[in-house]
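Coordinate analysis (summary)
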Amino acid sequence: MVEVELRGVWKRFGDFVAVKNVNLRFPDGKFSSILGPSGSGKTTLLYLIAGIYKPSRGEILFDGEDVSRLPPNKRNVGLVFQNYALYPHMTVFENIAFPLTIKGLPRGEIEERVHSVARMLHIDELLDRYPHQLSGGQQQRVALARALVKEPAVLLLDEPLSNLDALVRLEIRGELKRLQRRLGITTIYVTHDQSEALAMADLIAVIHRGEIQQVGSPEDVYRRPRNLFVAGFIGMPPANLVKAAVTRTPTPCVVIAGGGEYCPGEPLASKLEALGLEAVVAAFRPEDVVLGEHPMEDYVSMEAEVYVVETLGRENLVTLRLPDGQAVKAITSPLLNPRPGDKMYVNVEPSKILLYDPDTELNIEAIEAAPAARPVSLAGSPERRRAAQEED
Amino acid sequence: MPRPRLPPPALFLSLAAFLVLVFYMVPLILTLWASLTPVRNWDIAQLRQFVGAENYRRLFHLIRFDPDVSTVVKTTIVFVAGTLTVNVLGGLLLALAAFIIEERASLGFRLLWFLPRMTPVAVFGLLWYYFFYPQGTLNAILLKLHLISHPVNWGQDVLPWGPWSIIIFVNGLVGVSYGMIIFYSAFKAIPKDIYRAALVDGARLRDLVFRIMLPLTRWHLIFVTVWQLLSLLTTYAHLFVLVEWGVVEKWHGMTWALYVFETAFGSAVNDQALASAAATLLVVVGIGLGLLTLRLMGFERELGAIRGEL
Ligand SMILES: Nc1ncnc2c1ncn2[C@@H]1O[C@H](COP(=O)(O)OP(=O)(O)OP(=O)(O)O)[C@@H](O)[C@H]1O
Ligand SMILES: [Mg+2]
């Protein structure tokens, strides 16, 4: 088992930068997830780790050893492709056996290992079939078996569940996680589905436009999104992002439309002061909203008008409008069933509100000290993105 | 009342049927017909007489007892087998090379191999005339290298393999780009992730070629083989030029197709009846060999597998 580390890794295709200065460490034996929207560079990152692509710059280390120039067949990684990439002219048995056949292992050992991994994944009945005779879920298991049979040091999975229906997906998700625990293989799981990442991963790296936005535990990424992109990407639905003004009386307070006022305590207040911001973006999760007929004591309360109510079964998703037109979503009990046009109060506990600098898009808590010393590692801001592009 | 329009499928089918009839069936039937008459020297009136299998009897008699005609048979077998091997294996190797080298270089590389096919037959023939004739380039090189002490007329004097090697070489060059282009596009059509998966699974180049690329392009191999087989049986343009200019000895440079041509239109004989019988024999042998190749390469098995899915 190995620890995988990326140091200053870049990948260009012609003029296009697909992966930009990625620094990441995937801990030994852990289940890590690379999470990002379509086209963000996830597959590219995975192919870099597998050795299918060579980095344009930077290095990739397995247990501290630089493997950047090693071809894929020297890296001992198992890779499950986004579309499975099973060999269409081989039976399931031959597909799974392929890595071992190539190594020239004795027939008996190949049989034994293929059967054992096939049993583990419940596909031992399918060994004589061809890939085109399998369902999507079965193909996925075969692809996983082929990746596992060679006992790889690193297991790479590229959105392996995206072609499956919701129920099978939930089932395999659980199995995969148990399997990884049992085998203890360093696993990197690429997905655009944040619920998958949150449910399965020990560590999540959020990627957007080829740049890592945040690295942390699911709890971290969910509770303390590092920047506005992460806040707006994670969660079902994602966090509400509301523009708010900053007043000074003389301590700084954040004023949201509809009468919401939030005066943060230390150290946030002095950070807000130090940054000298006139406006911020306030973020809070729809599930942290308490909808009511009245403002609530010790909560930040905003008056809003109900716009749409969606019934989700276990809960209702209510979309409201603040007086200035900004939309806010709230998850409520299905018993609460307001009608469009109703006036209601959006109540949020102050501790559940996060503040972001609208320019850098960074979480103000995460900004270190004075504005001059803003961290450079995470670039979410338009200027910085532009600057980075010019540098290319 | 407007007439009902012919539905398009029927229209297309009847058009195709018409073309096949005019350009394939009619000549075939005419050839068969002519082979049963005593027609010579373009005396069309003789087409109404009927001599039964007489021309076939003559033909088989010639094959058995005329050393020139039996040489033609041997030349045909060696030429088709040799050139087919060169074309299919050479095409495969060139396609592999083109696939492995860098994309930009690959285009030029492929175009290069198309030159022999695109060059007019006469120009190409002239080129090889200057290369192979006694005072030509080949002998000059060999003399320089002291491999021979005096010029050799390879195509005329070194029988039978001199002329056979030359005709296989020249036609191999002309035909090799066909297999190359088909195999190359077949390799390109295999999804990239299949190659990547194989690499990640530990495959070396040899494994990629023999375990992934060749098995996945079986159809193309069958197709190119059968197609080239049939074209080689019937091709004669380059051979005609080589024989006519004396690059190769007449009977060792003449395949059955050229023999048909010579018998029908040649200066010495003008025996269209015999030529028709020879042509008919060629068609029968061609169909037989084509079917045999398909069977040998497991075409029916593949077709059966696909039918099973439908
Ligand atoms: N070989 C290539 N040549 C040029 N551009 C490429 C190449 N591969 C990927 N890209 C570009 O790089 C970006 C990232 O692609 P990548 O496949 O890594 O995205 P992804 O995050 O895996 O997306 P998805 O979730 O849709 O699979 C995309 O904009 C894509 O168009
Ligand atoms: Mg992808």
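First, a word on what this report is: a plain description of the structure on this page. As the structure is a prediction and not an experimental result, all values here were calculated from the model. (Residues numbered from 1 in each chain as written. Chains lettered and ligands numbered in written order. Predicted model: local features only at pLDDT ≥ 70, side-chain atom pairs only at ≥ 80, totals over all residues. Heavy atoms only, no water.)

With that out of the way, let us pick up the site of ligand 1. All names here are of chain A. With respect to spatial proximity, 14 residues lie near ligand 1, and among them S38, G39, K42, T43 and T44 are the closest. For ligand 1, an oxygen atom lies 2.8 Å from a polar atom in the backbone of G39. Taking E159, its side chain carries an N or O atom lying 2.9 Å from an oxygen atom of ligand 1. Its free accessible area being 630 Å², ligand 1 has 64% of it covered by the protein chains. Going through the elements one at a time, β2 (16-26) and α1 (42-50) are the ones with two or more residues in the shell around ligand 1. At 3 residues, α1 tops the list of elements feeding residues into the shell around ligand 1. Here the shell around ligand 1 is composed, by residue class, of 5 nonpolar, 7 polar and 2 charged. (Near = heavy atom within 4 Å. Polar contact = N/O pair within 3.5 Å; in protein donor to acceptor, adjacent residues only side chain to side chain. Areas by Shrake-Rupley, 256 points an atom, 1.4 Å probe, with all protein chains shown as cover. Helix = DSSP H or I, 4+ residues; strand = E, 2+ residues; numbered from the N terminus. Nonpolar A, V, L, I, M, F, W, Y, C, P; charged D, E, K, R; others polar.)

This paragraph deals with the state of the cysteines. Residue and element names in this part refer to chain A. Across all of its chains, the model carries 1 disulfide over all chains by this definition. Paired by a disulfide, C253 and C263 hold their sulfur atoms 1.9 Å apart. Because the torsion about its S-S bond is 110°, the bridge between C253 and C263 counts as right-handed. Of this pair, C253 sits in strand β12 (residues 252-256) while C263 sits in the loop between β13 (260-262) and α9 (268-275); the two residues are 10 residues apart in sequence, bridging distant segments of the chain. On the basis of relative accessible area, C253 is assigned to the buried category, the value being 3%. Residue classification places C263 among the partly exposed positions, given a relative accessible area of 42%. (Disulfide = S-S within 2.5 Å. Buried < 20%, exposed > 50% of the residue type's maximum accessible area, 1.4 Å probe, protein only.)

Moving on, we come to unusual backbone geometry. Residues and elements named next belong to chain A. Cis rather than trans, the peptide bond between M236 and P237 has omega equal to -5°. Structurally, P237 can be placed in the loop between α8 (228-233) and β11 (240-248). The amide bond that connects E266 to the next residue, P267, takes the cis arrangement and shows omega of 0°. As for its placement among the helices and strands, P267 is situated in the loop between β13 and α9. One non-glycine residue, A85, lies in positive phi territory at about 50°. Mapped onto the secondary structure, A85 falls in the loop between β6 (77-80) and α2 (92-103). Looking at A85, the relative accessible area reads 6%, which means it is buried. In this structure, E361 takes a positive phi of about 65° despite not being glycine. Within the element layout of this structure, E361 appears in the loop between β20 (354-356) and α10 (382-391).

Residue and element names in this part refer to chain A. Read from one edge to the other, the open sheet built from 5 strands follows the order β15-β19-β16-β17-β18, with strand pairing classed as antiparallel. The two strands at the open ends of the sheet, each matched to only one other strand, are β15 (289-292) and β18 (327-332). Sheet twist, expressed as the average angle between the axes of neighbouring strands with direction ignored, equals 45°. Of the strand pairs in this sheet, strand β16 (residues 300-311) and strand β19 (residues 343-348) are connected by 6 bridges, and their pairing is antiparallel. Across the sheet, residue A304 finds its bridge partner in β19, namely M344. (Pairing = 2+ DSSP bridges. Axes fitted to C-alpha atoms, helices over the stretch in contact; angles between N-to-C directions.)

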